[in-house]
Amino acid sequence: MAKKRFINKVAIVTGSSRGIGSAIALALGKEGAKIVLNGRDELRLKEVQTELTQQGIEAVYYKGDVSDFQQAKELSNFALQTFGKIDILVNNVGISSRGYLADLDPSVLEQVFKSNVFGTIFPTQAALPSLRQSKGNIIFISSLAGIHGLPGLSPYSASKMALTSFVESLRIEEHAQQVHVGMLQVAMTEIVHNKEVVAADGSKQVLAPRQKGKVLTMQQVAQDCLSLIDKRRYKKTQTLIGNLNLIFNRISPLIVESILRKNLHKFEENSK
Ligand SMILES: NC(=O)c1ccc[n+]([C@@H]2O[C@H](COP(=O)([O-])OP(=O)(O)OC[C@H]3O[C@@H](n4cnc5c(N)ncnc54)[C@H](OP(=O)(O)O)[C@@H]3O)[C@@H](O)[C@H]2O)c1
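Residues numbered from 1 in each chain as written. Predicted model: local features only at pLDDT ≥ 70, side-chain atom pairs only at ≥ 80, totals over all residues. Heavy atoms only, no water.

Caption draft 1: Inspection of the site of the ligand at higher detail. Within the structure, the ligand sits among 31 residues, and Ser17, Arg40, Asn92, Tyr156 and His193 are positioned closest to it. Interatomic distance of 3.2 Å between a side-chain N/O atom of arginine 18 and an oxygen atom of the ligand. The separation between an oxygen atom of the ligand and a polar side-chain atom of lysine 195 is 2.8 Å. Its free accessible area being 890 Å², the ligand has 96% of it covered by the protein chains. (Near = heavy atom within 4 Å. Polar contact = N/O pair within 3.5 Å; in protein donor to acceptor, adjacent residues only side chain to side chain. Areas by Shrake-Rupley, 256 points an atom, 1.4 Å probe, with all protein chains shown as cover.)

Structure, rendered in structure tokens:
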């Protein structure tokens, strides 16, 4: 059996009551980490906690909205009270919206920026003193949408781009403290749950399941996240398309823009 890489490490995974966050929590737990789950829905959190404990993983949860600094602080305090330290913070919280800017209710922008930017920066700020002590890891879960702004996803793309600059600044600021800061640019991933996004009018919209084989599994995303932590690497961009996007965007963003314009129909279909 392969060596467990995170024995006795304490990991907070924000937004782990379902989806990719729960897969990352499970993968870290299977490799020996003690897990602090987080989300705003207690029922879902209990389900994930039960799944983890049934596999012999030590897991607790903190129900709270991490886009509120006080609750982000309480999440860190809860991890410290329960396990005595914080080694790993995975900033996985992220929500998306659908619609062109011209059609968006202003509340949509607020919701997306609040969860994706403040919901990522506040848990980081709150956990930093402990992460400095443990010389730990902070991972930001970003997206291919953070490489070049995508149509119909402008608030989401912009919020993920904001994370890029936070990561850049933090890496320099925390270098002397030996805190590792990394970022995973996730490609389109399977949906095995009723994943919700924010519709143009601000209401919730449930996404249809995505065609298997054409998208990543949540386990693939989780393994890439674990590898970044283990190797203390800076960045990984998933899939060939993601990497081509990076290269073309570096050569000229106009290339990516014209590809996106030509494939607008396909693209809009995929992002439903
Ligand atoms: N799925 C994809 O195809 C894909 C592609 C690229 C990048 N990503 C990124 O991967 C991450 C996870 O995506 P996902 O598809 O797994 O999302 P998801 O299924 O919608 O899950 C999001 C999780 O975050 C929690 N959450 C949202 N806002 C929160 C807040 N303010 N405070 C605390 N918890 C909050 C949700 O729980 P509650 O609602 O119960 O609070 C849920 O547990 C996101 O950062 C996303 O941008 C996903």
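Caption draft 2: Representation of the sheet that holds strand E6 (residues 180-186) in the model. Strands sit in the order E3-E2-E1-E4-E5-E6-E9 across an open sheet of seven strands; the sheet is parallel. Of all the strands in the sheet, just strand E3 (59-63) and strand E9 (235-237) have a single pairing partner and so form its edges. Each neighbouring strand pair of the sheet contributes to a mean axis angle of 15°, computed without reference to strand direction. Both E6 and E9 contribute to a ladder of three bridges, which runs parallel. In the sheet register, leucine 184 faces E9, and the bridge partner there is lysine 236. Lying on the sheet, helix H1 (residues 19-30) is in contact with strand E1 (10-13), strand E2 (34-39), strand E4 (88-91), strand E5 (137-143) and E6; it crosses E1 at an angle near 170°. Each of E5 and E6 is contacted by helix H5 (residues 154-173), which is oriented at about 155° to E5, the strand it contacts most. (Pairing = 2+ DSSP bridges. Helix = DSSP H or I, 4+ residues; strand = E, 2+ residues; numbered from the N terminus. Axes fitted to C-alpha atoms, helices over the stretch in contact; angles between N-to-C directions. Contact = heavy atoms within 4.5 Å.)

Caption draft 3: Structural detail: the nonpolar core. Residues Ile24, Leu28, Ile35, Leu52 and Val90 are the most contacted members of the largest nonpolar core, which totals 37 residues. The residues contacting valine 90, other than those within four sequence positions of it, are Ile12, Val13, Thr14, Ile24, Leu28, Ile139, Ile141, Cys225 and Ile229. Within the second largest apolar cluster, 25 residues are counted, among which are Val36, Val66, Leu75 and Ala127. (Core = buried A, V, L, I, M, F, W, Y, C linked by side-chain atoms within 4.5 Å. Buried < 20%, exposed > 50% of the residue type's maximum accessible area, 1.4 Å probe, protein only.)

Caption draft 4: Structural context of the environment of valine 112. With respect to the element layout, valine 112 can be found in helix H4 (residues 106-134). The contact partners of valine 112, leaving out residues within four places of it in the chain, are Ile95, Ser96, Ser97, Val117, Pro155, Tyr156 and Ser159.

Caption draft 5: Spatial organisation of H1. Compared with the 16 Å implied by 1.5 Å per residue over twelve residues, the 17 Å span of H1 between its first and last C-alpha is a close match. Taking burial as the measure, the twelve residues of H1 include eleven buried ones, the bulk of the element. Along H1, the residues classified as buried are Gly19, Ile20, Gly21, Ser22, Ala23, Ile24, Ala25, Leu26, Ala27, Leu28 and Gly29. Just past H1, the residue glycine 32 takes up positive phi, approximately 105°. (Expected span 1.5 Å × (residues − 1).)

Caption draft 6: A look at the packing of H4 against H5. At a minimum axis distance of 8 Å, the contact between H4 and H5 shows a crossing angle of 20°. Overall, the two elements H4 and H5 adopt an arrangement that is roughly parallel. Every pair of crossing elements has a handedness; the one defined by H4 and H5 is right-handed. Facing Leu109, Val112, Phe113, Asn116, Val117, Thr120, Ile121, Thr124 and Leu128 of H4, the residues of H5 in contact are Pro155, Tyr156, Ala158, Ser159, Lys160, Ala162, Leu163, Phe166 and Leu170. (Parallel < 35°, antiparallel > 145°, perpendicular 65-115°, else oblique. Left-handed = near helix turned anticlockwise from the far one by under 90°.)

Caption draft 7: Region of interest: the pattern of salt bridges. Considering all chains together, one arrives at eight salt bridges under this definition. Here glutamate 31 ties to arginine 5 by a salt bridge, and the two come within 2.7 Å at their closest N and O atoms. Remark: arginine 5 occurs in the segment before E1 and glutamate 31 occurs in the loop between H1 and E2; sequence separation between them is 26 residues. Residue lysine 204 pairs with glutamate 196 through a salt bridge whose shortest N-O separation is 4.0 Å. Given a relative accessible area of 66%, lysine 204 falls into the exposed group. On the basis of relative accessibility, which here comes to 26%, the residue glutamate 196 falls in the partly exposed class. Look at the salt bridges and you will find they share partners, linking Arg5, Glu31 and Asp230 into a network. (Salt bridge = Lys/Arg side-chain N within 4 Å of Asp/Glu carboxyl O.)

Caption draft 8: Local environment of the packing of aromatic side chains. Counted according to the given criterion, the structure contains three aromatic pairs. Taken together, a centroid distance of 5.3 Å and an interplanar angle of 25° make the contact between phenylalanine 118 and phenylalanine 122 stacked. Residue phenylalanine 118 and its partner phenylalanine 122 are located together in helix H4, separated by four residues, close to a single helical turn. Take phenylalanine 118: its relative accessible area is 42%, and that puts it in the partly exposed class. The structure contains a cluster of three or more aromatic residues connected by ring pairs, namely Phe69, Phe118 and Phe122. The ring of tyrosine 234 carries arginine 171 above its face, with NZ or CZ at 3.9 Å from the centroid. The ring of tyrosine 234 is capped by lysine 235, whose NZ or CZ atom sits 5.5 Å from the centre of that ring. (Phe/Tyr/Trp six-rings, centres within 6.5 Å; stacked < 30°, edge-to-face > 60°. Lys NZ or Arg CZ within 6 Å of the ring centre and 35° of its normal.)

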